[in-house]
Amino acid sequence: MKDNTSLIRQIHDMLGQDKKACVRSFGCQLNVSDGEKIKGILRQAGYSFTDDETEADIIILNTCAVRESAEDRVFGIVGSMKKLKENKPSLLIGIAGCMTAQEHIAEKIKKSYPQVDIVLGTSAISALPGLLLEALKGRKFSADISEYDDFSEAAEQVRESSFKASVPIMFGCNNFCTYCIVPFVRGRERSRRPEDIVSEVRGLVADGYKEIMLLGQNVNSYGNDLADDVTFPGLLRQLNEIEGDFWIRFMSSHPKDASRELIDTIFECGKVAKHLHLPVQSGSTEVLRRMNRRYSIEKYLGTAEYILAKDRDFSLTTDIIVGFPNETDEEFEATLDILRRVKYDNVYSFIYSKRSGTKAAEIEDMVSDETKGKRMRRLLEVQREISTEHYKRFLGRTMRVLVDGPAKKHQGMMTGKSNEFIIVEFEGDISLTGQFVDVKITDTMNWAVRGELI
Ligand code: 5AD
Ligand code: SF4
């Protein structure tokens, strides 16, 4: 990691009073976590924060590259910032995150969006002070998308929540699923040292955090690149020993190496939530082969059954890609079938998006967008019925809930997530935000359950 102390001091001296930064993160929780580090640097440099772009002195868009729609959205936003900059020429605009790690995107920004001052790669967050200083001194365009491999162990963070914290345990991915851009924009797997993670979590718990979300593209390969024989289940056991009333969650776990040991550990460790996100992507072994997922549907079902045999009510969630190149009707039906067999509590489904540079992008796809759209609507319909029905197992039961705050759509209701990661609504006071409460479930809805505070 770079030592930026003197650069940050120089920025601080140049800035003047009352400077505001607006940092918007898109995409996954790892990106949000990077956004918290970017904010940490900006706070040290003297900025305060705003969500209102019109009052910002610097705007940083922390971008996602997983699907084309996310990229298009960012280009739309950057385009509209031209006006903001005309109204306030001193405004600085920075683009960070996974989009910048693709050279053709960095080039496009440089060529077509002169309103952008700074481009910052995902492994170059510690380069921000240097780039910012250049921009403040009047340099037109400064970019750094190199790889410092900086895990920013000592980096200050401005956390989005005062009771839920994301803790990256590793960066990058070695799996090269054929549809996925992540290994190209985030590089190979690098694990943080267990002692650094334990000490970060201990600090968070001491600060009152109630939920710790461990992040990695595939937490199951945590530690493979470290010298000591530390494993993910081993890390979970260490974290479970930290004193305090808090939950441990993690995301994501690749089904090819979701081991029995991992599952046994979840059940042994009282603080680890009874929920597993196990992205299946497709219900067809043939499609999984084309995706380079390296497991069969039989193996996946074996894992799910091992969990459900221990606890029939355990909560499973998954990711699905609809319309992978040349997916047939039968292959799509196999996906609906897996939803029915596993009975997920929640499914995050995405229409396949072609990412240039990936293997799947080379396949000539014969399936029309219309068919893909139809399949997506059908999948949502099938899953809505499954989860609404499956939620009924909670009726009459008491669920422990970490309260997020007032429900946006239902006036007078509070909302939170249960230990099983189910959305729970109940009537209650706003002061319960950030607390654990017990709720007796009286009703199920689409995508949520309702109950009474006890
Ligand atoms: N198109 C659509 N969905 C994708 N995902 C990853 N890459 C793509 C893509 N090219 C989905 C996968 C992954 C989730 C985070 O995003 O389902 O699990
Ligand atoms: Fe992408 Fe596959 Fe790695 Fe997940 S495991 S980040 S889907 S390449």
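Residues numbered from 1 in each chain as written. Chains lettered and ligands numbered in written order. Predicted model: local features only at pLDDT ≥ 70, side-chain atom pairs only at ≥ 80, totals over all residues. Heavy atoms only, no water.

## Observations regarding the sheet that holds strand β17 (residues 423-427)
Thinking step 1. Sheet architecture is closed into a barrel: 5 strands sit in the order β15-β16-β17-β19-β18, paired in mixed fashion. Put simply, the sheet's adjacent strands are angled 50° from each other on average, direction ignored.
Thinking step 2. In terms of strand pairing, strand β18 (residues 436-445) meets strand β19 (residues 448-453) through 6 bridges, oriented antiparallel. Note that in β19 the partner of Thr-444 across the bridge is Val-449.
Thinking step 3. On the sheet, helix α13 (residues 369-391) packs against β18 and β19 and is oriented at approximately 125° with respect to β18. (Pairing = 2+ DSSP bridges. Helix = DSSP H or I, 4+ residues; strand = E, 2+ residues; numbered from the N terminus. Axes fitted to C-alpha atoms, helices over the stretch in contact; angles between N-to-C directions. Contact = heavy atoms within 4.5 Å.)

## Some points on the site of ligand 1
Thinking step 1. Contacts to ligand 1 come from Val-66, Arg-67, Tyr-179, Gln-281, Asp-319, Ile-321, Phe-350, Ile-351, Tyr-352, Ser-353 and Arg-355.
Thinking step 2. In this structure, a nitrogen atom belonging to ligand 1 sits 3.0 Å away from a main-chain N or O atom of Tyr-179.
Thinking step 3. Within the side chain of Gln-281, an N or O atom sits 2.7 Å from an oxygen atom of ligand 1.
Thinking step 4. The protein chains hide 84% of the 400 Å² of surface that ligand 1 would expose on its own.
Thinking step 5. For the shell around ligand 1, a count of residues per class yields 6 nonpolar, 2 polar and 3 charged. (Near = heavy atom within 4 Å. Polar contact = N/O pair within 3.5 Å; in protein donor to acceptor, adjacent residues only side chain to side chain. Areas by Shrake-Rupley, 256 points an atom, 1.4 Å probe, with all protein chains shown as cover. Nonpolar A, V, L, I, M, F, W, Y, C, P; charged D, E, K, R; others polar.)

## What to know about the site of ligand 2
Thinking step 1. Around ligand 2 sit Cys-173, Asn-175, Phe-176, Cys-177, Tyr-179, Cys-180, Val-182, Pro-183, Gln-217, His-254 and Arg-293, and those are all the residues in its vicinity.
Thinking step 2. A per-class count over the shell around ligand 2 returns 7 nonpolar, 3 polar and 1 charged.

## Notes on empty space enclosed by the protein
Take a probe with the size of a water molecule and roll it over the atoms, and the empty space left behind shows itself.
Thinking step 1. Taken as a whole, this structure holds 3 cavities of 30 Å³ or more when the rule is applied.
Thinking step 2. Considering only enclosed or pocket space, the second largest cavity measures out at about 60 Å³ in volume.
Thinking step 3. Counting residues per element, the ones that place at least two in the lining of the second largest cavity are β11 (247-251) and β12 (275-277).
Thinking step 4. For the lining of the second largest cavity, a count of residues per class yields 5 nonpolar, 2 polar and 1 charged.
Thinking step 5. A domain-level breakdown of the lining of the second largest cavity finds at least three residues from each of domain 2 (161-273) and domain 3 (275-392). (1 Å grid on protein atoms, 1.4 Å probe; cavity = no way out; pocket = protein on both sides within 12 Å on 5 of 7 lines; lining within 4 Å. Points joined across faces, edges and corners; volume = space filled by probe spheres on them. Domains from an automatic or database assignment.)

## Brief notes about the pairing of strand β13 (residues 315-322)
Thinking step 1. With 8 of 8 residues buried, β13 is to be regarded as a mostly interior element.
Thinking step 2. Neither face of β13 is exposed, since Ser-315, Thr-317, Asp-319 and Ile-321 on one face and Leu-316, Thr-318, Ile-320 and Val-322 on the opposite face are all buried.
Thinking step 3. Both β12 and β13 contribute to a ladder of 3 bridges, which runs parallel. Bridge assignment links His-275 to a residue of β13, and that residue is Ser-315.
Thinking step 4. Both β13 and strand β14 (residues 346-351) contribute to a ladder of 6 bridges, which runs parallel. Across the sheet, Val-322 pairs through a bridge with Ile-351, a residue of β14. (Buried < 20%, exposed > 50% of the residue type's maximum accessible area, 1.4 Å probe, protein only.)

## Section: the sheet that holds strand β6 (residues 142-144)
Thinking step 1. Pairing is parallel in the open sheet, where 6 strands are placed in the order β2-β1-β3-β4-β5-β6. Either end of the sheet is taken by a strand with one partner, and the two such strands are β2 (48-49) and β6.
Thinking step 2. Pairing between strand β1 (residues 20-25) and β2: 2 bridges, direction parallel. Its bridge partner being in β2, Lys-20 is matched across the sheet by Ser-48.
Thinking step 3. Lying on the sheet, helix α5 (residues 128-136) is in contact with β3 (58-63), β4 (92-97), β5 (118-120) and β6; it crosses β5 at an angle near 170°.

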